[in-house]
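Descriptive structure summary
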Amino acid sequence: MNAARSLVSRIARGALAVGAALAARGEDLAVPGGGIIDVQFTSPPSAETRRVATSWTSTAAKSVATYYGGFPPRRATLKITPREGRSVSHGRAFGWDGPLVTISLGRAATGADVSDDWVLTHEMIHLCFPSVDERHHWIEEGLATYVESIARARSGDLSPERAWADLVNGLPQGLPEAGDRGLDFTPTWGRTYWGGALFFLRVDVEIRRRTRNQRGLEHALRAIAAEGGTIGHWWHIDRVIRVGDAATGVPVMREIYDEMKAKPVLVDLPALWKELGLVRRGRSVSFDDSAPLAPVRRAITAP
Ligand SMILES: [Zn+2]
């Protein structure tokens, strides 16, 4: 979720101001490759919750830093609300007053409980992309949905098989249904999260195909972040695309955005999985390295 929106952020601003006054003092956590996350709790945690939270935050930050070659916001705040139970919930990213993630963590959560968490990585990826007009919200959620699995695979937090299985199982929810008017005009849950992820998968594969695997989506995203395109900085979508395409040298974001923005595009996912050498077995996948785009698939999730 990304709450850098006008009405939502105005409401949240009041709630967060109260939360900030009650917050326990933060602790700076260094991100590998440079960058700081100020980890705060909205109520004092137990020593065990603090330990679990530190390791959980480090793992997510390492995935983001591995993918981006650093931590683009340089400094961000993570505000953790301890709750009953042992799960992670209520993740949100904000940018109106500096990069901020708010999230809940169960007081009984152990390292094993958070070891498979994707939410914190997803929210941290939101910090690395500019805020765009509401009708392009799918590009913010699609980015976080797609890059989360890939970034975790690259850092070794997720096996490549698991990362691809997550995409193969999730992406059909992003295909257009009856009445679809394209990504900019169909703000359903499926099209926002998985339709947006499908846009980025197509962009990543096509950049790699055209550049013979010399460039990938991460080069576009790193350039956008390096030009100051991080959360809370409002960018026109054309600027996002221009900076991204300039970094890869191929106009792939422009072409695929123009194709998908205002009309339903039926992507033949089974054919794409075959080209990439992804073989489905139930909800798992295995790899076929003789497939034509197997090198592209390997490069996307390679550590
Ligand atoms: Zn999100």
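None of the values given here were measured: they were computed from a predicted structure.

The helix and strand tally for the chain stands at 12 helices and seven strands. The principal-axis extents of the C-alpha atoms in the chain amount to approximately 55 × 40 × 40 Å. Taken over 303 residues, the chain has a buried fraction of 45%. Taking all contacts inside the chain whose residues are at least 6 apart in sequence as the whole, residues at least 24 apart take part in 65%.

This brings us to the sheet that holds strand β1 (residues 27–30). Spatially, the five strands line up as an open sheet ordered β1-β2-β3-β5-β4, and their pairing is mixed. If you trace the sheet from one side to the other, it starts and ends with β1 and β4 (88–94), each paired once. Here the average twist between neighbouring strands, direction ignored, is 25°. Relative to strand β3 (residues 75–83), strand β2 (residues 36–41) runs parallel, the two sharing six bridges. Bridge pairing in β3 places Val39 opposite Leu78. In the packing of helix α2 (residues 47–68) onto the sheet, the strands contacted are β1, β2, β3 and β5 (100–106), and the crossing angle to β2 comes to about 150°. Packed on one face of the sheet, helix α4 (residues 119–126) meets β4 and β5 and runs near 5° to β4.

This part is about the domain arrangement of the chain. Here the domain parsing of the chain yields domain 1 (6–126) and domain 2 (134–301). The distance between the C-alpha centroids of domain 1 and domain 2 comes to 25 Å. Taken together, the contact pairs 19 residues of domain 1 with 18 residues of domain 2. Counting residues per element, the side of domain 1 that touches domain 2 draws most heavily on α2, which supplies seven residues. Of the residues that constitute the side of domain 1 that touches domain 2, the class distribution is 10 nonpolar, eight polar and one charged.

Turning our attention to helix α8 (residues 217–226). Those residues of α8 not exposed but buried are Leu217, Glu218, Ala220, Leu221, Ile224 and Ala225. Seen from one end, α8 has its buried residues packed into an arc of 160°, which puts them on one side. Taken together, the buried residues of α8 touch α2, α7 (189–210), α9 (237–248) and α10 (252–260). With its phi angle positive at about 95°, Gly228 sits one or two positions after the end of α8.

Let us look at the environment of Thr230. Tracing the sequence through the fold places Thr230 in the loop between α8 and α9. Residue classification places Thr230 among the buried residues on the basis of 22 C-beta atoms within 10 Å. For the pair Thr230 and Phe41, spaced 189 residues apart in sequence, the C-alpha separation works out to 24 Å. The residues contacting Thr230, other than those within four sequence positions of it, are Pro72, Pro73, Pro99, Leu127, Cys128, Phe129, Pro130 and Ala225.

As a further point, take unusual backbone geometry. The backbone of His90 sits at a positive phi, close to 55°, despite the residue not being glycine. Relative to the helices and strands, His90 is located in strand β4. We note that Asn213 has phi near 70°; this positive angle belongs to a residue other than glycine. The topology assignment puts Asn213 in the loop between α7 and α8.

Moving on, we get to the packing of α7 against helix α12 (residues 294–301). Direction vectors running N to C along α7 and α12 enclose 120°, while the axes themselves pass 10 Å from each other. Considering their axes alone, α7 and α12 lie oblique with respect to each other. Of the two possible hands of crossing, α7 and α12 adopt the one that is right-handed. Listed contacts from α12 to Asp204, Val205, Arg208 and Arg209 of α7 are Val296, Ala299 and Ile300.

Regions with low pLDDT carry predicted coordinates that are not meant to be interpreted in detail. Within the chain, residue pLDDT values average 93, and 92% of them lie at 70 or more. Low pLDDT (under 50) marks residues 4–24, which in the prediction has 26 contacts with non-local residues, meaning those over four places away or in another chain.

The axes of two packed helices give the description: the angle between them and the distance between them. Relative to each other, α2 and α4 sit at 50°, their axes nearing to 9 Å. By the angle class used here, α2 and α4 are oblique. The element α2 and its partner α4 pack so that their crossing is right-handed. On α4, the residues that touch Trp56, Thr57, Ala60, Ala61, Ser63 and Val64 of α2 are Leu120, Thr121, Met124 and Ile125. Of the residues belonging to the contact of α2 with α4, the class tally is seven nonpolar, three polar and no charged.

The rules behind each value
Residues numbered from 1 in each chain as written. Predicted model: local features only at pLDDT ≥ 70, side-chain atom pairs only at ≥ 80, totals over all residues. Helix = DSSP H or I, 4+ residues; strand = E, 2+ residues; numbered from the N terminus. Buried ≥ 20, exposed ≤ 12 C-beta atoms within 10 Å, placed from the backbone. Contact = placed C-beta atoms within 7 Å. Pairing = 2+ DSSP bridges. Axes fitted to C-alpha atoms, helices over the stretch in contact; angles between N-to-C directions. Domains from an automatic or database assignment. Nonpolar A, V, L, I, M, F, W, Y, C, P; charged D, E, K, R; others polar. Arc of directions from axis to C-beta. Parallel < 35°, antiparallel > 145°, perpendicular 65-115°, else oblique. Left-handed = near helix turned anticlockwise from the far one by under 90°. pLDDT = per-residue confidence, 0-100.

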